[in-house]
Amino acid sequence: MSLLRVWSFLPVLTAVLFSFLTRTTAAELWATAYYPGTAGSVMPVSDIDFAVITHVIEFSLMPNADGSLDETANGIVGTNAADLISHAHAAGRKVLICVGGANSGPGFQGASATPRRAAFIANLVGYMTARNYDGIDLDWEPVSVSDFSQFTNLVLELRSAMDSLPTHKLLTAAASAYPTYGDPPSSEYTMFSALQSKFDQINIMTYDLSGAYDGWVTWFNSPIYDGGFRFHTTGTLVPSIAGAVENFIANGVSPAKLGIGVAFYGDVWAGGTGASTGGVSLPRQSWVTAPTVSQVPYAQIMTDYYQSNLYCWDTRAQAAYLSIDKPKDSDDRFISYDDEHACRAKIGYARDHGLGGIMIWQLALGHRSDQPAGLRDPLIQAIQRALTSSKAADPQLDVRENRPSDPVGGH
C-alpha cells in the first residue's frame, strides 16, 4: 500500500480506534437492574434491553424466620424466572435472585440465627443452582447495628458456600444510603468496608432520600448533591448520593465496589399549609401542616403530570422536578423524579468518581407501554447514550431553572 493511501485511511482508523476505546471504557460500568417477579404483565421479558442492562436481579424471595424461602410473596414462579434467565443468558448477561426487600429484617433475623443459618444458606444456594441463576443479591431491610453480627456471619458463610461451587457465582448487596435512624453515623459503612471483598457489587439505595418528616423540608427523592443546603432545625446537610458515597469511601469501601441508585419512580408531594408559597411546589420549602408524599412510577408521572412548562432542573442538587403552583393550595404539587437528564448525570458522576456502576429500581416502573416500540423506555435509552458517550458528564439540556426564594443553607 502506498504512503498516500495509508494517510488516507488514518482518519477512519482513528475513528474506529476511538470508538472501540470509548465503548471499552463505558462497558466498565455495570448497569444492574431489578425486575420483580410480578413485572411481566407491565414489561415482558422480551422488552428488556440487554444491550444496556448488564445484570438483572429478579425480585424477590422472602426469608422466613425458620430458614425457608417464600417465592410467592413477590411473584417468583418457575415459568417467568426461566424466561428471564433464558433471554439474559442468550444475550450474555447475568441474572441474580434477590432475597429480601422492604421489611424483611425480622425474617433475616430468624433465618440467620445460629441454629438455622446453615439450613438457610443451603436453601439459598440450592435455589440458585437448581434454577441456573448466576448469583444472589442480599437485600436485608432494615439492617440496624444490632443485626451486624448476624449479617456478617451470613455473608461470610454464604460466600464460602458459593465459592465451593464449580463456577464463580456473584454475591451482591443492596445497601442503605444512610444508617438506620439512631445507629452510630459510620456503623453501616464500616461493616461493608470489612465485608467488601466478599461482594461483587455493593449497590447503594440512593433513593427515598426525603419525606414529610418532622423538621424536614421538601427535598428530592434521589439528588446527586446536597447543594450545601442544611436543615434549619439541626444544621445537618440534607441527604444526597454524593454524601452517601463519600461516607462509604471515607470508611474504607473501594469506589469500584459501589453502585449508585437510579429511581424509575418519583415522589409526588401534595398540599401542606404554611409553606412559603402556600402549598408545596418547590424544593427546600418548610410547612406547618405536613404535605402528603406518594410514590409514582416514572411512566405515570409522564402520563398524568408532565408538561414542558412545569419542568425544572436544579443545578445545585443535579435533580429534575415538576413545579405545579395552583390557586388552591391543596392542588399544588412538587414532583421529584429521575428523568433522562438525571440518568445521564448519574452515569457521569459514577464515571467521574471511579464507581463500579449504577443500580436501577426497577425496570417496569419506567416502561411506557402506551408508547410505540422504540419509545417505551426513554430512561434506558438515556443510560445507553451516557454509557456509550466519551464525555464524563452530560451537557446541560434546554431546561428551566426554578429555585425557591429562600437562600441556600436555611430558612
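Please read all numbers here as calculations on a predicted model, not as lab measurements.

A. Expanded view of the pairing of strand E7 (residues 201–205). Burial analysis of E7 places 5 of its 5 residues in the buried class, the great majority of the element. Where burial is concerned, the two faces of E7 agree: the one with Gln 201, Asn 203 and Met 205 and the one with Ile 202 and Ile 204 are both buried. With 5 bridges connecting them, strand E6 (residues 170–176) and E7 associate as parallel partners. Residue pairing for E7: Ala 175 is matched across the bridge by Ile 204. Handedness of the β-α-β unit built from E6, helix H6 (residues 187–195) and E7 comes out right-handed. Direction of pairing for E7 relative to strand E8 (residues 258–263): parallel, over a ladder of 3 bridges. Paired with Ile 204 across the bridge in E8 is Ile 260. One crossover worth recording links E7 to the parallel E8 by way of helix H7 (residues 241–250), and it is right-handed.

B. The arrangement of the confidence of the model for the protein in detail. For the protein, per-residue confidence averages 89 on the pLDDT scale, and residues scoring 70 or more make up 87% of the total. Every residue in residues 1–27 scores below 50 in pLDDT, and together they form 10 contacts with partners more than four places removed in sequence or on other chains.

C. Local environment of the pattern of salt bridges. The final tally for this structure, using the stated rule, is 6 salt bridges. Salt-bridge contacts for Arg 159 lead to Asp 163; the nearest nitrogen and oxygen are separated by 3.0 Å. With Arg 159 and Asp 163 both in helix H5 (residues 148–163) and 4 residues apart, this pair spans about one turn of that helix. The exposure class of Arg 159 is buried, given its relative accessible area of 5%. In this structure, Arg 159 and Asp 200 form a salt bridge, with 3.5 Å as the shortest nitrogen-oxygen distance. Taken together, the positions of Arg 159 in helix H5 and Asp 200 in the loop between H6 and E7 put the pair 41 residues apart, joining distant regions of the chain.

D. Spotlight on the nonpolar core. In terms of nonpolar packing, the biggest core is built from 107 residues, with Ile 136, Phe 192 and Phe 264 touching the most fellow members. Once residues within four sequence positions are removed from consideration, Phe 192 is found in contact with Phe 151, Ala 173, Ala 175, Phe 199, Ile 202, Phe 248 and Val 253. Core analysis: the second largest hydrophobic core is formed by 16 residues, Val 217, Val 238, Val 280 and Ala 317 among them.

E. Here's a closer look at the packing of aromatic side chains. On inspection of all chains with the given rule, the structure shows 24 aromatic pairs. Summarising the aromatic geometry, the rings of Phe 192 and Phe 248 are spaced 6.2 Å apart at their centres and angled 50° between planes, so their arrangement reads as tilted. Here the residue Phe 192 occupies a position in helix H6, and Phe 248 occupies one in helix H7, the gap between them amounting to 56 residues. Of the two residues examined, Phe 192 and Phe 248, each falls in the buried class. A network of ring pairs unites the aromatic residues Phe 108, Phe 120, Trp 140, Phe 151, Tyr 189, Phe 192, Phe 199 and Phe 248 as a single cluster. Sitting above the plane of the Tyr 127 ring, Arg 131 keeps its charged end 3.7 Å from the centroid. Cation over ring: Arg 284 sits above Phe 229, and NZ or CZ is 6.0 Å from the ring centre.

What counts and what doesn't
Residues numbered from 1 in each chain as written. Predicted model: local features only at pLDDT ≥ 70, side-chain atom pairs only at ≥ 80, totals over all residues. Heavy atoms only, no water. Buried < 20%, exposed > 50% of the residue type's maximum accessible area, 1.4 Å probe, protein only. Helix = DSSP H or I, 4+ residues; strand = E, 2+ residues; numbered from the N terminus. Pairing = 2+ DSSP bridges. Right-handed = clockwise from strand over helix to strand, strands pointing away. pLDDT = per-residue confidence, 0-100. Contact = heavy atoms within 4.5 Å. Salt bridge = Lys/Arg side-chain N within 4 Å of Asp/Glu carboxyl O. Core = buried A, V, L, I, M, F, W, Y, C linked by side-chain atoms within 4.5 Å. Phe/Tyr/Trp six-rings, centres within 6.5 Å; stacked < 30°, edge-to-face > 60°. Lys NZ or Arg CZ within 6 Å of the ring centre and 35° of its normal.

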